[in-house]
Amino acid sequence: MGQELGGKRENRRVVERKADHIRICINKDVQARRITTGFEDVFFIHRALPELNLEDIDLSVEVFGHKFSAPIMISSITGGAQEALKINASIAEAVEELGLGMGVGSQRAALENPDLGRTYSIVRKKAPNAFLAANIGAPQITRSYTMRELQKAVEMIEADALIIHLNPLQEAIQPEGEAYYMGVLEKIKEAAESLDVPIIVKETGAGISAEDARKLESVGVAGIDVAGAGGTSWAAVECYRASERGDYFAEHVGREFWDWGIPTVVSIVEVTQSVNISVIASGGVRSGLDIAKAISLGADLSGFALPILEPAVKGSDKVKEKIKMFIQQLRTSMFLVGAGSTKRLRETPLVVLGKTAEWLRLRGFDLESYARRGR
Ligand SMILES: Cc1cc2nc3c(=O)[nH]c(=O)nc-3n(C[C@H](O)[C@H](O)[C@H](O)COP(=O)(O)O)c2cc1C
């Protein structure tokens, strides 16, 4: 009984924390400040003779055996908290209508309190055909969850894939953090072997290196979402939470890591040049031009969370509006480089300059082959 009460209290804390995250992400500047994604260092070669019509451009892609009408999968945001029902419903309705995909936020809240299940399962009700990914945190699988819980998370939303998210930075600095990563790869392997949906491993804003990408590929993961640095900073979010509580210590530990991580463009190149599994580019993606650059660098899909949060609170029309704008920017980028399909976009030349190029060259990655494409 005592344990049960303790469990309920813990569950309430998880839900309150999610509500804090939403409130802070909407009201504060939670983005990286000194570190940038690197998209500003990537340039396409403009084609004055595109030899195609804007309206004929085909944005569709097939990834994880699913057809997407454009290479977009909305990143995992939420579930559990009261606001989450509306947010998830808005995003699901939009991705269904536009033929895209989405991930839900960590399903821990509902696995520990089944009453909260409907804040997640609403996505399948609103999106019977869209690509939907379940979501669980790595610390939960290393410490407490068995494959049964992972299967339950998948069934809860009739998911097409399971995302296991990696957030060592956030766990290390939030006071309730569970910085338990010992044995994580073995657990990911077990999940990849036992579940019948593809496993996607995703960071949450600090990026994935070539070294980790190779390890993930070796244990049977089907996709990697790089979620690199330059967009939402979880150190920033936790810093604001600590400051609200008057917790000087946690606030200052968090502040030091505000700009921590592998910039998104660096991470896309590190991962796509190191493994042969599907790659989702995310973390600070803020326009359709960013998406075009990500796909041209080798990603299969692109995702974003923060730009969708506020529209999602308002309703699915606002979410659709935002996504349609990104799609039109992507289409325009493709027109201007003469790429009539996403396949052609991957064969389009681009140059990587500045600190992003310097970082990648020092790490031994090849940038010349992007620049020489098609010559
Ligand atoms: C309010 C909020 C809640 C989030 N919750 C989760 C989560 O539960 N699971 C997860 O994998 N990522 C979560 N994320 C991280 C995003 O999926 C994404 O990786 C990160 O925000 C970087 O992308 P962005 O710069 O486009 O926001 C959350 C992001 C936001 C803004």
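Residues numbered from 1 in each chain as written. Predicted model: local features only at pLDDT ≥ 70, side-chain atom pairs only at ≥ 80, totals over all residues. Heavy atoms only, no water.

## Structural notes on the overall build of the chain
Rules: Going along the chain from the N terminus, every DSSP run of H or I of four or more residues is numbered as a helix, and every run of E of two or more is numbered as a strand. Atoms considered for the radius of gyration are the C-alpha atoms alone. The globule rule reads 2.2 Å times the number of residues to the power 0.38. The buried label goes to any residue with under 20% of its type's maximum accessible area, the exposed label to any with over 50%, and the partly exposed label to all in between, with areas taken from a 1.4 Å probe on protein chains only. Contacts were defined at the residue level, with two residues in contact if any of their heavy atoms lie within 4.5 Å. The charge count includes Lys and Arg as positive and Asp and Glu as negative, but it does not include His or the ends of the chains. Charge coordinates come from a single atom per side chain, which is NZ of Lys, CZ of Arg, CG of Asp or CD of Glu.
The helix and strand inventory of the chain stands at 18 helices and 12 strands. For the chain, the C-alpha radius of gyration of 20 Å lies close to 21 Å, the compact-globule estimate for 375 residues. Dimensions of the chain, computed from the C-alpha atoms along their principal axes, are close to 70 × 45 × 40 Å. Burial status across the chain gives 59% buried among its 375 residues. Nonlocal contacts in the chain, meaning residues at least 24 apart in sequence, comprise 78% of its contacts between residues at least 6 apart. Each charge sign in the chain was given a centre, from 46 positive and 50 negative side chains, and these centres are 2 Å apart.

## Re the layout of surface pockets
Over the atoms a probe the size of a water molecule is rolled, and this reveals where empty space is left. Put simply, the test is: Points on a 1 Å grid over protein atoms alone make up a cavity when a 1.4 Å probe fits among them but cannot get out, and a pocket when they form an open set with protein on both sides within 12 Å along at least five of seven lines; lining residues each have an atom within 4 Å of a point. Grid points are joined across faces, edges and corners, and a volume is the space filled by probe spheres set on the points.
Quantified by volume, the largest pocket comes out at close to 480 Å³. Looking at the largest pocket, it is lined by 18 residues, and the ones nearest its centre are Leu166, Pro168, Glu203, Gly207 and Asp212.

## Description of the packing of aromatic side chains
The following threshold applies: To pair, rings of Phe, Tyr and Trp, with the six-membered ring standing in for Trp, must have centres within 6.5 Å; the planes then decide the type, stacked if under 30 degrees apart, edge-to-face if over 60, and tilted in the middle.
In this structure the tally under the stated criterion is 5 aromatic pairs. Aromatic side chains phenylalanine 68 and phenylalanine 131 sit 5.3 Å apart centroid to centroid with 50 degrees between the ring planes, which places their arrangement in the tilted category. Of the two residues, phenylalanine 68 is situated in strand E3 (residues 66-68) and phenylalanine 131 in strand E6 (residues 131-137); the sequence distance between them amounts to 63 residues. For the pair shown, phenylalanine 68 and phenylalanine 131 are each scored as buried. Considering the side-chain rings of phenylalanine 257 and tryptophan 260, the 5.6 Å spacing of their centres and the 65 degrees angle between planes classify their relative orientation as edge-to-face.

## As for the environment of phenylalanine 43
Mapped onto the secondary structure, phenylalanine 43 falls in strand E1 (residues 42-44). Looking at phenylalanine 43, the relative accessible area reads 39%, which means it is partly exposed.

## Some details on the environment of threonine 232
Examined against the element boundaries, threonine 232 turns out to sit in the loop between strand E9 (223-225) and helix H10 (234-244). Using a relative accessible area of 15% as the deciding quantity, one classes threonine 232 as buried. Taking the C-alpha atoms as reference points, threonine 232 and leucine 306, separated by 74 residues in sequence, lie 6.8 Å from one another. Non-local contacts of threonine 232, meaning those with residues more than four positions away in its chain, are made with Val30, Gln31, Thr204, Gly205, Val237, Arg286 and Leu306.

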